[in-house]
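# Understanding the architecture of this molecule
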Amino acid sequence: MNWQDFPKLELHLHLEGAAPPALIRQMAFEKKLDISNIFTPDGGYDYRDFWHFLEVYEAATSVLTGPEEFKRLTAAVLEESAAHGVIYTEAFLSPDFCGGRDVGAWREYLHAIREAADEARAAHGIEMRGVITAIRHFGGDLARETALCAQETAGDFITGFGMGGDEKAGHPKDFAYAFDMAREAGLRLTTHAGEWGGADEVRASLDTLKVERIGHGVQSIDDAALVERLVREGTVLEVCPGSNVFLGVYPDLTAHPIERLRAAGVKVTVSTDDPPFFRTTMTKEYEDLERVFGWDAARFTEVNLVAAEAAFCDEETRAALRKTVENFNV
Ligand code: ADE
Ligand code: ZN
């Protein structure tokens, strides 16, 4: 099956992590910044492991020096996503990389990102929402500043709040205040957990941060009681199989728990995380899931309807997304 045009919803995409390496190299050239050490000879991103990936990621973002760069980035990312059939994307946006968490500066970056999103909707029919994302290894105090940016710009475009970064740094309770701030501003909540930190991190995130979705969450499979809880509470997992395999959370897709979680009744969705870093696309994720687990069009429709139900968007957009997913003829 050719999955490229199959309509897809993506709930877990880091905007900077989706930056095409050629765009980052071009911006570095324009600004006379030397970041050649983060690229492989074939022009891809180069890193050793997850923790080095986080460093290379931050080095790549150093060329994104202002709102105009983020407008170009957003345009490039949405064009690429739309080319892979993505009709709705939730992008993680980091005020840390957009003016250093200053609310006034963040508003300017956000304005530029929204302009690109409006243009992409008109040009490619892709819908975007932003999930403001604190970075765990920057600590709880900075997460509060990020949450303030989220509070101040919550609305029809900024609809969620979340956290990424090094799951082994600190404890979810260090971030409870920031998540409370975001919840009080009416934002929907998700956090990365159970990618590296085990099932305990997922449980602690549910208990402490009271999130309705979990980024990754795949290590929940190691704890039967937690799997039961995810099913009972209807927690949605933003699963990124290619990311997990590329980073070595699982040796290969055969060992990946996405199908076991789904079969147990957990609500799973499919995303790419940071596609050029992990040499993946949404089309490739679908091809791989078909090849390894035999997922067919009916299965992917089901998964996309889960994503539509879990999307942090308004009801009118949700209904339109559902309709597109349901009416697609293979
Ligand atoms: N930031 C970007 N990608 C990430 C990932 N896979 N895990 C945690 N933080 C991230
Ligand atoms: Zn992620």
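The following paragraphs examine the structure supplied in this document.

Parameters at a glance
- Residues numbered from 1 in each chain as written.
- Chains lettered and ligands numbered in written order.
- Predicted model: local features only at pLDDT ≥ 70, side-chain atom pairs only at ≥ 80, totals over all residues.
- Heavy atoms only, no water.
- Buried < 20%, exposed > 50% of the residue type's maximum accessible area, 1.4 Å probe, protein only.
- Helix = DSSP H or I, 4+ residues; strand = E, 2+ residues; numbered from the N terminus.
- Pairing = 2+ DSSP bridges.
- Donors = N, O, S within 2.8 Å, 3.2 Å for Na, K, Ca; no water.
- Tetrahedral: all angles 85-135°; square planar, octahedral: opposite > 155°, others 65-115°.
- Core = buried A, V, L, I, M, F, W, Y, C linked by side-chain atoms within 4.5 Å.
- Domains from an automatic or database assignment.
- Contact = heavy atoms within 4.5 Å.
- Axes fitted to C-alpha atoms, helices over the stretch in contact; angles between N-to-C directions.
- Parallel < 35°, antiparallel > 145°, perpendicular 65-115°, else oblique.
- Nonpolar A, V, L, I, M, F, W, Y, C, P; charged D, E, K, R; others polar.
- Left-handed = near helix turned anticlockwise from the far one by under 90°.
- Near = heavy atom within 4 Å.
- Polar contact = N/O pair within 3.5 Å; in protein donor to acceptor, adjacent residues only side chain to side chain.
- Areas by Shrake-Rupley, 256 points an atom, 1.4 Å probe, with all protein chains shown as cover.

### Looking at the pairing of strand E2 (residues 86-93)
- Of all 8 residues in E2, 8 are buried, a share of seventy percent or more.
- Relative to E2, strand E1 (residues 8-14) runs parallel, the two sharing 5 bridges. Its bridge partner lying in E2, Lys 8 is registered against Val 86.
- Pairing of E2 with strand E3 (residues 127-135), which is carried by 6 bridges, proceeds in the parallel orientation. If you follow Leu 93 over to E3, its bridge partner there is Ile 132.

### A short note on the coordination of the zinc ion (ligand 2)
- Protein coordination of the zinc ion (ligand 2) is provided by His 12 (NE2), His 14 (NE2), His 192 (NE2) and Asp 273 (OD), with donor distances spanning 2.1 Å.
- Around the zinc ion (ligand 2) sit 4 donor atoms, and with donor-metal-donor angles ranging over 86 to 170° the site reads as irregular.
- Spacing between the donor residues of the zinc ion (ligand 2) along their common chain follows H-x1-H-x177-H-x80-D. With His 14 in strand E1 and Asp 273 in the loop between strand E8 (267-270) and helix H11 (282-293), this pair connects stretches of sequence that are 259 residues apart.

### Comments concerning the nonpolar core
- Core analysis: the largest hydrophobic core is formed by 91 residues, its most contacted members being Ile 24, Tyr 45, Phe 53, Phe 70, Leu 93, Trp 106 and Phe 161.
- In terms of residue count, the dominant contributor to this core is helix H4 (residues 103-124) (7 residues).
- There are two domains that each give this core at least three residues, and those are domain 1 (8-19 + 76-327) and domain 2 (20-63).
- The contact partners of Tyr 45, leaving out residues within four places of it in the chain, are Ala 19, Pro 20, Pro 21, Ile 24, Ile 38, Phe 39, Thr 40, Ala 60, Pro 276, Phe 277 and Arg 279.

### Side note on the packing of helix H5 (residues 140-153) against helix H6 (residues 176-184)
- Remark: H5 packs on H6, axes separated minimally by 8 Å, with the N-to-C direction vectors making an angle of 5°. Put simply, H5 runs roughly parallel to H6. Residue-level inspection shows Ala 143, Arg 144, Ala 147, Leu 148 and Gln 151 of H5 in contact with H6, the latter providing Tyr 177, Ala 178 and Met 181.
- Residue composition of the contact of H5 with H6, by class: 6 nonpolar, 1 polar and 1 charged.

### Let's talk about the packing of helix H7 (residues 198-209) against helix H8 (residues 224-233)
- In contact at an axis separation of 10 Å, H7 and H8 are set at 40° when each is read in the N-to-C sense. Relative to H8, the crossing made by H7 is left-handed. Contact with H7, carried on its side by Ala 199, Val 202, Arg 203, Leu 206 and Asp 207, involves Leu 226, Arg 229 and Leu 230 of H8 and no other residues of that element.
- Of the residues contributing to the contact of H7 with H8, the split by class is 5 nonpolar, no polar and 3 charged.

### A look at the site of ligand 1
- Neighbouring ligand 1 are His 14, Phe 50, Phe 53, Tyr 57, Gly 164, Gly 165, His 192, Glu 195, His 216, Asp 273 and Asp 274.
- One of the side-chain nitrogen or oxygen atoms of Glu 195 is found 2.7 Å away from a nitrogen atom of ligand 1.
- A distance of 2.6 Å is found between a nitrogen atom of ligand 1 and a side-chain nitrogen or oxygen belonging to Asp 273.
- Its free accessible area being 260 Å², ligand 1 has 97% of it covered by the protein chains.
- Looking at the shell around ligand 1, the element that brings in the most residues is helix H2 (residues 50-61), giving 3 residues.
- Across the shell around ligand 1, the residue classes break down as 3 nonpolar, 5 polar and 3 charged.

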